[in-house]
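Here are the chains, one letter per residue:
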Amino acid sequence: MSEPDPNASDSELRARLGSLKSAIKRAEENEKPGASPVGEDKALAGAMSSGFRAATDLAGGIIAGALIGYLGDRWLGTSPFLLIAFLVIGTIAGFRSVYRLGSRPTSVSKRDPERD
Amino acid sequence: MAAGGGIDPIHQFHINPIVELKPFGLNLSFTNTSLWMVIVIAVVSAIMVYGSSQRAVVPGRLQSLSEMIYEFVASTLTGVMGKEGMKFFPFVFTLFMFVLASNLLGLLPGSFTVTSQIIVTAALAMLVMAVVLVYGIAKHGSHFFGLFVPSGVPGWLLPFVVLIEVVSFISRPVSLSLRLFGNMLAGHIALKVFGGFVVVLLGSGAVFNYVIAPLPLLLAVALTALEVLVAALQAYVFAILTCVYLNDALHPGH
């Protein structure tokens, strides 16, 4: 097999590369509507995950507060007071984490100066 | 339940020892939970080992399955924690695969759902929190506790806010374990109850009941589809929340 002129094969290769690139671009553009359902699935999963999170963060705060209060009462013998106090604190903590969950995605840029 | 007698929706969650083992007064019996954990790990290991052993350029079914799961978990992880979060990839991937496989295998008739036991999910959540605490304190020292002190709070309010933040941190493993446990428990009970309705209606002998018996069956079919979605979704939620909490250990001061 005799090698053809290197310059000629170079330009030939370049032409082939160009046609391949345009073919890939076309294929990618065709695939874009096919790729969007995956993105929608992920958006749905994200939405449902934050929904589940909000529901159980609230319950988790209240339960954790009640648990701390109950165990503290048993430890210190201050029968109902720690339970009541930590139940209130746990409820506030639960609402706070739900609030933070809700405020995170929309105001990322607004939050930083407010917090500093 | 009326006239059912034999149908108990809670019965599927009973833990039965398979091999009794009680050394030194500790109950270390090999139960059906342990058996199904072993099965889950065996299935996950088989899929991943076989899927990654082929290394074909054009992947087969199992190889593309394991590559898809790898890329899914990796993109979730880097989406939350950035590139440096990849050092937690083995941990998050193991948790995700364990939860996903036990949720999905638990949907097979006659199987046992490991994640419907709160002690299992609580142990997983405690493990996550232990990793967060140990890594955060080892990497940032006392600076890690800045997580509990938000900036820009007036001084007189600070003790109260710190108390709320601490309770909020303690509530994380509670809500993390409750979410998975609650979803699995509720879904399996609902499936069993609707399945029980079919049996009760067919066994009652009245003609009208024969006519409406397919309705709960249809609902049970729909619920099964929903449960497959919930099984995958809860594994995803568990993994992404693990990432969010680990992110606090990586970057505590904000």
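Residues numbered from 1 in each chain as written. Chains lettered and ligands numbered in written order. Predicted model: local features only at pLDDT ≥ 70, side-chain atom pairs only at ≥ 80, totals over all residues.

Considerations on the overall build of chain A
Inference 1: Of regular secondary structure, chain A possesses 3 helices and 0 strands.
Inference 2: Going from the N terminus to the C terminus, chain A shows its helices and strands as α-α-α.
Inference 3: Per-residue burial over chain A gives 16% buried out of 116 residues.
Inference 4: For chain A, restricting intrachain contacts to residue pairs at least 6 apart in sequence, the fraction spanning at least 24 positions comes to 60%. (Helix = DSSP H or I, 4+ residues; strand = E, 2+ residues; numbered from the N terminus. Buried ≥ 20, exposed ≤ 12 C-beta atoms within 10 Å, placed from the backbone. Contact = placed C-beta atoms within 7 Å.)

Overview of the overall build of chain B
Inference 1: Helix and strand content of chain B: 7 helices and 2 strands.
Inference 2: For 254 residues, the compact-globule formula gives about 18 Å, and the C-alpha radius of gyration of chain B, at 23 Å, lies well above that figure.
Inference 3: Out of the 254 residues belonging to chain B, those deemed buried represent 29%. (Rg over C-alpha atoms; globule rule 2.2 N^0.38 Å.)

Looking at the interface of chain A and chain B
A common way to report how large an interface is uses the accessible area buried once the components associate.
Inference 1: In this assembly, 23 residues from chain A lie in contact with 18 residues from chain B.
Inference 2: Counting only elements with at least two residues in the side of chain A that touches chain B, the list comes to helix H1 (6-76) and helix H2 (81-103) of chain A.
Inference 3: The dominant element in the side of chain A that touches chain B, judged by the number of residues it contributes, is H1(A), at 14 residues.
Inference 4: Looking at the side of chain A that touches chain B residue by residue, the classes come out as 10 nonpolar, 8 polar and 5 charged. (Nonpolar A, V, L, I, M, F, W, Y, C, P; charged D, E, K, R; others polar.)

As for the environment of Glu84(B)
Residues and elements named next belong to chain B.
Inference 1: Examined against the element boundaries, glutamate 84 turns out to sit in the loop between helix H2 (61-81) and helix H3 (89-105).
Inference 2: For glutamate 84, a count of 10 C-beta atoms within 10 Å corresponds to the exposed category.
Inference 3: Spatially, the C-alpha atom of glutamate 84 lies 47 Å from that of phenylalanine 194, the residues being 110 residues apart in sequence.

Side note on the nonpolar core
Inference 1: Val92(B), Leu95(B), Phe96(B), Val99(B), Ala235(B), Phe238(B) and Ala239(B) are the most contacted members of the largest nonpolar core, which has 50 residues in total.
Inference 2: Those elements giving two or more residues to this core turn out to be H1 and H2 of chain A together with helix H1 (32-53), H2, H3, helix H4 (118-140), helix H5 (158-203) and helix H7 (214-250) of chain B.
Inference 3: With 13 residues, H7(B) is the largest single contributor of residues to this core.
Inference 4: Once residues lying within four places of it in the same chain are set aside, the contact partners of Ala235(B) are Phe96(B), Val99(B), Leu100(B) and Asn103(B). (Core = buried A, V, L, I, M, F, W, Y, C linked by C-beta atoms within 7 Å.)

A short note on the confidence of the model for chain B
Residue and element names in this part refer to chain B.
Inference 1: Across chain B, the average pLDDT comes to 85, with 97% of residues at or above 70.
Inference 2: Looking over chain B, one finds the lowest element-wise mean pLDDT in strand S1 (residues 17-19), namely 78, and the highest in H3, namely 93.
Inference 3: Overall fold confidence for the complex sits at a pTM of 0.77, while the interface term, ipTM, reaches 0.71. (pLDDT = per-residue confidence, 0-100.)

Describing the packing of H4(B) against H7(B)
A pair of packed helices is characterised by two quantities: the angle between their axes and the separation of those axes.
All names here are of chain B.
Inference 1: At a closest axis distance of 8 Å, the pairing of H4 and H7 adopts a crossing angle of 20 degrees. Considering their axes alone, H4 and H7 lie roughly parallel with respect to each other. Our pair here, H4 against H7, has a crossing hand that is right-handed. Taken together, the residues of H7 that come into contact with H4 (itself represented by Val128, Val131, Val132, Tyr135 and Gly136) are Thr242, Tyr245, Leu246, Asp248 and Ala249.
Inference 2: Looking at side-chain class alone, the contact of H4 with H7 contains 7 nonpolar, 2 polar and 1 charged residues. (Axes fitted to C-alpha atoms, helices over the stretch in contact; angles between N-to-C directions. Parallel < 35°, antiparallel > 145°, perpendicular 65-115°, else oblique. Left-handed = near helix turned anticlockwise from the far one by under 90°.)

With respect to H2(A)
Inference 1: With 23 residues, H2(A) should reach 33 Å at 1.5 Å per residue; the first-to-last C-alpha distance of 33 Å fits that figure.
Inference 2: Burial in H2(A) covers these residues: Leu83(A), Phe86(A), Ile89(A), Gly90(A), Ala93(A), Gly94(A) and Ser97(A). (Expected span 1.5 Å × (residues − 1).)

Topic: the packing of H5(B) against H7(B)
Inference 1: Put simply, H5(B) and H7(B) touch, their axes get as near as 10 Å, and they point 170 degrees apart. With respect to H7(B), the element H5(B) is oriented roughly antiparallel.

Remarks on the confidence of the model for chain A
Inference 1: Residues with a pLDDT of 70 or more make up 72% of chain A, whose mean pLDDT is 75.
Inference 2: Low confidence marks residues 106-116 of chain A, where pLDDT is under 50. Its contacts with residues over four positions away, or in another chain, come to 5 contacts.

With respect to the environment of Asp248(B)
All names here are of chain B.
Inference 1: Counting through the fold element by element, aspartate 248 comes out in helix H7.
Inference 2: Classification of aspartate 248 by C-beta neighbours within 10 Å gives partly exposed; the count is 16.
Inference 3: As for aspartate 248 and leucine 105, which are separated by 143 residues in sequence, their C-alpha atoms are 32 Å apart.
Inference 4: Contacts of aspartate 248, omitting those with residues within four sequence positions, involve Val132 and Leu147.

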